[in-house]
Amino acid sequence: MILLDGKATATKVKSDIAEKVKERQANGQKIPHLAAVIVGSDGGSLTYVANKIKACEECGFKSTLIQFEETISEQELLDKVQELNNDPEIDGYIVQLPLPKHIDEEKILMAVNPLKDVDGFHPENVGKMALGLPTFVSATPAGILELLKHYRIETEGKNCVIVGRSNIVGSPLSILLSKNTNPGNCTVTLAHSKTRNLKEVCLKADIIIAAIGRPNFITAEMVREGAVVIDVGTTRVTDATRERGWRLVGDVDFENVAPKSSYITPVPGGVGPMTIASLMINTLKSLELRNL
Ligand code: GUN
């Protein structure tokens with residue numbers, strides 16, 4: 001079993017980006033500037049956003065963190081989105097999800113200028129991704145592809161089962177892995193809560209990607225000997241033995257699945273850091289796409 005070290009791979013990706021930023025600086029070109037908008041004080045979201053800002057520093061990017069109270073109105077948030085769309089200093093930005101219930105998430109994401117949508121969530125960018133046109137591919141699917149590429153894992157002709165059909169991860173990943181690309185050319189099954197005989201479906205997988213947000217959902221009896229296992233889950237569970245009182249748990253029962261797998265991602269330190277590295281790739285791309 002080989003551990004897919006997302007942390008180390010992300011460090012390499014970020015240092016390659018930092019080199020490119022230095023070159024840009026030497027050539028008098030614009031330095032990438034990412035803004036992150038966060039609403040409320042959900043612990044998980046605050047950690048994710050703090051890590052995104054830290055990654056900007058590592059890459060030599062400028063960054064701006066915009067924090068709002070949980071009570072902000074939808075219109076106020078839409079106004080901020082417009083302001084960011086019109087600000088030539090900001091190259092790309094993200095609105096951290098989930099948003100409070102009184103705000104229509106779809107309305108906010110639709111208002112983001114697709115050219116600054118480094119999360120790749122705008123329908124125009126999702127459409128381009130589906131057609132294989134140049135665009136921002138959302139960070140988690142892009143990070144998983146980057147990790148598979150980095151470890152030279154053969155995907156062509158392989159059966160890939162993705163468990164979870166979210167707009168952010170499962171659904172775009174099913175499209176990307178079925179394309180005539182490398183990584184890609186998989187025979188993809190997108191399993192979800194209504195899938196029958198999930199265990200039998202998963203046992204056919206050469207590559208299994210768990211993205212359902214249910215701790216330890218994928219058990220050893222669902223995984224074929226020698227499968228590649230990618231765990232997207234990051235659920236906080238209380239843990240009194242930890243100083244902070246919680247730990248992150250993936251969707252895969254790592255302890256029992258790892259011995260059966262050929263490659264497996266740990267949680268934390270697998271997909272998470274790759275997601276952030278991919279956001280940095282997209283932010284640099286936001287300048288390159290506009291020839292800045
Ligand atoms: N919430 C969970 N994942 C993500 C992500 O990739 N981007 C944003 N904006 N919010 C998220």
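Below: a short report on this structure. Keep in mind it's a predicted model, so treat the numbers as computed, not measured. (Residues numbered from 1 in each chain as written. Predicted model: local features only at pLDDT ≥ 70, side-chain atom pairs only at ≥ 80, totals over all residues. Heavy atoms only, no water.)

**Considerations on the sheet that holds strand β8 (residues 228-231)**
Across a sheet, strands are paired by hydrogen bonds formed along the backbone, either parallel or antiparallel in direction.
So, step 1. With respect to topology, six strands assemble into an open sheet ordered β1-β11-β8-β7-β5-β6, the strand pairing being parallel. Strands with a single pairing partner mark the edges of an open sheet, and in this sheet they are β1 (2-3) and β6 (187-191).
So, step 2. Of the pairings in the sheet, the one linking strand β5 (residues 159-163) to β6 comprises five bridges and is parallel in character. Each residue of the ladder has a partner; that of Asn159, found in β6, is Thr187. (Pairing = 2+ DSSP bridges. Helix = DSSP H or I, 4+ residues; strand = E, 2+ residues; numbered from the N terminus.)

**Examining empty space enclosed by the protein**
So, step 1. Counted according to the given criterion, the structure contains one cavity of 30 Å³ or more.
So, step 2. Here the largest cavity is characterised by a volume of approximately 40 Å³.
So, step 3. It is strand β4 (residues 92-95) that contributes the most residues to the lining of the largest cavity, three residues altogether.
So, step 4. Partitioned by chemical class, the residues of the lining of the largest cavity number six nonpolar, no polar and two charged. (1 Å grid on protein atoms, 1.4 Å probe; cavity = no way out; pocket = protein on both sides within 12 Å on 5 of 7 lines; lining within 4 Å. Points joined across faces, edges and corners; volume = space filled by probe spheres on them. Nonpolar A, V, L, I, M, F, W, Y, C, P; charged D, E, K, R; others polar.)

**Here we look at the site of the ligand**
So, step 1. Near the ligand you find Lys52, Val95, Gln96, Leu97, Asp119 and Phe121, and these make up its full shell.
So, step 2. A distance of 2.9 Å separates a nitrogen atom of the ligand from a polar atom in the backbone of Val95.
So, step 3. The separation between a nitrogen atom of the ligand and a polar side-chain atom of Asp119 is 2.6 Å.
So, step 4. A total of 280 Å² of accessible area belongs to the ligand in isolation, and the protein chains cover 82% of it. (Near = heavy atom within 4 Å. Polar contact = N/O pair within 3.5 Å; in protein donor to acceptor, adjacent residues only side chain to side chain. Areas by Shrake-Rupley, 256 points an atom, 1.4 Å probe, with all protein chains shown as cover.)

**Description of the sheet that holds β4**
So, step 1. Read from one edge of the open sheet, three strands run β3-β2-β4, paired in parallel fashion. Each end of this open sheet is capped by a strand with a single partner; those strands are β3 (62-68) and β4. When the angles between neighbouring strand axes are averaged without regard to direction, this sheet yields 15°.
So, step 2. Sheet analysis places strand β2 (residues 33-39) next to β3, joined by seven bridges and oriented parallel. The residue bridging Ala35 from the neighbouring strand is Thr64, located in β3.
So, step 3. Relative to the sheet, helix α2 (residues 43-59) contacts β2, β3 and β4, its axis offset from that of β3 by approximately 160°. (Axes fitted to C-alpha atoms, helices over the stretch in contact; angles between N-to-C directions. Contact = heavy atoms within 4.5 Å.)

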